[in-house]
Amino acid sequence: MAIIPKVNHPFYTVALIKSRALKRANGINIIAKIVESGFDIVRMRTKPLCPTEIEAFYKEHVGRPYYDSLVESVSGGIIAMILEIRDPTLDPIKAWREAIGATDASKAAEGTFRNLFGGYRFYPNAPLSDNAVHGSGSWTEARFEASLLFGMPNVK
Ligand code: ADP
Ligand code: MG
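Residues numbered from 1 in each chain as written. Chains lettered and ligands numbered in written order. Predicted model: local features only at pLDDT ≥ 70, side-chain atom pairs only at ≥ 80, totals over all residues. Heavy atoms only, no water.

(A) Seen up close, the overall build of the protein chain. When helices and strands are counted, the protein chain shows seven helices and four strands. Listed by position from the N terminus, the elements making up the protein chain come as β-α-α-β-α-α-β-α-α-β-α. Over its C-alpha trace the protein chain gives a radius of gyration of 15 Å, about what one expects of a compact globule, namely 15 Å for 156 residues. Principal-axis analysis of the C-alpha atoms places the extent of the protein chain at approximately 50 × 35 × 25 Å. For the protein chain, the proportion of its 156 residues judged to be buried stands at 45%. A separation of at least 24 residues holds for 73% of the contacts in the protein chain among residues at least 6 apart in sequence. Positive and negative charge centroids in the protein chain, built from 19 and 16 side chains respectively, lie 1 Å apart. (Helix = DSSP H or I, 4+ residues; strand = E, 2+ residues; numbered from the N terminus. Rg over C-alpha atoms; globule rule 2.2 N^0.38 Å. Buried < 20%, exposed > 50% of the residue type's maximum accessible area, 1.4 Å probe, protein only. Contact = heavy atoms within 4.5 Å. Lys, Arg positive; Asp, Glu negative; His and termini not counted. Charge placed at Lys NZ, Arg CZ, Asp CG, Glu CD.)

(B) Structural context of the site of ligand 1. Close to ligand 1 lie Lys18, Tyr58, His61, Tyr66, Leu70, Arg97, Thr103, Arg114, Leu128, Ser129 and Asn131, which account for all nearby residues. One of the side-chain nitrogen or oxygen atoms of Arg97 is found 2.8 Å away from an oxygen atom of ligand 1. Taking Asn131, its side chain carries an N or O atom lying 2.8 Å from an oxygen atom of ligand 1. Its free accessible area being 530 Å², ligand 1 has 77% of it covered by the protein chains. Grouping the amino acids of the shell around ligand 1 by side-chain chemistry returns four nonpolar, four polar and three charged. (Near = heavy atom within 4 Å. Polar contact = N/O pair within 3.5 Å; in protein donor to acceptor, adjacent residues only side chain to side chain. Areas by Shrake-Rupley, 256 points an atom, 1.4 Å probe, with all protein chains shown as cover. Nonpolar A, V, L, I, M, F, W, Y, C, P; charged D, E, K, R; others polar.)

(C) Spatial organisation of the sheet that holds strand β2 (residues 39-47). Overall, antiparallel pairing links the four strands, which are arranged β2-β3-β1-β4 in an open sheet. At either end of the open sheet lies a strand with only one pairing partner, and these are β2 and β4 (133-135). Across the sheet, the mean angle separating the axes of adjacent strands is 20° when strand polarity is ignored. Those strands touched by helix α7 (residues 139-150) are β1 (13-17), β2, β3 (78-85) and β4, and its axis lies near 55° from that of β1. (Pairing = 2+ DSSP bridges. Axes fitted to C-alpha atoms, helices over the stretch in contact; angles between N-to-C directions.)

(D) Summary view of the packing of aromatic side chains. Applying the stated rule across the entire model yields seven aromatic pairs. A ring pair is formed by Phe11 and Tyr12, whose centres lie 5.2 Å apart and whose planes are at 80°; its orientation type is edge-to-face. In this structure Phe11 comes out as exposed when scored by relative accessible area, which is 53%. Seen in terms of ring centroids, Phe39 and Trp96 are 5.5 Å apart; in terms of plane orientation they differ by 80°. Their pairing is edge-to-face. (Phe/Tyr/Trp six-rings, centres within 6.5 Å; stacked < 30°, edge-to-face > 60°.)

(E) Molecular detail of the side chain of Arg24. Locating Arg24 in the fold gives a position in the loop between α1 (19-23) and α2 (27-36). Within the structure, Arg24 has its side chain in polar contact with the side chain of Asp130 (distance 2.9 Å). Discounting chain neighbours no more than four positions away, the residues touching Arg24 are Phe117, Gly118, Gly119, Phe122, Tyr123 and Asp130.

Have a look at this one:
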């Protein structure tokens, strides 16, 4: 049976490599694994985020008890990427979320990015915010994040 490509699904997602993973020099390994996992990095930039950008990026989390820890996790500069997926039948947002694993890196499935690169692997009592990477949770989120980080138009 022929595979009929989905034409109506999101065509990219937004990934970040968070500051602490960069400080651990995991950046290059993460980038290599992204490519090996079937994603194309179509845009990439290193970027220090100012407080206003962080607040916009994580607006749903402002005021939560872990917010300061979350801010710290992206304050030392990040690598931001727009990822497409090579298999046109797959939704890049779902595929990247699956590839990164659960928010709590210590509980993320074996072999996922957070499982392999989360802070818990490298030092005791790593905060939950130190989970190495970010992935957009929805197409609305991806478009917003791409407009914030890359100035891409936020259109459906
Ligand atoms: P995800 O990144 O998996 O989409 P969320 O959107 O819920 O997770 O949270 C955004 C980020 O905030 C997480 O990746 C993590 O860095 C941080 N975070 C979420 N919940 C907590 C928590 N309870 N304690 C510390 N940091 C948290
Ligand atoms: Mg999220």
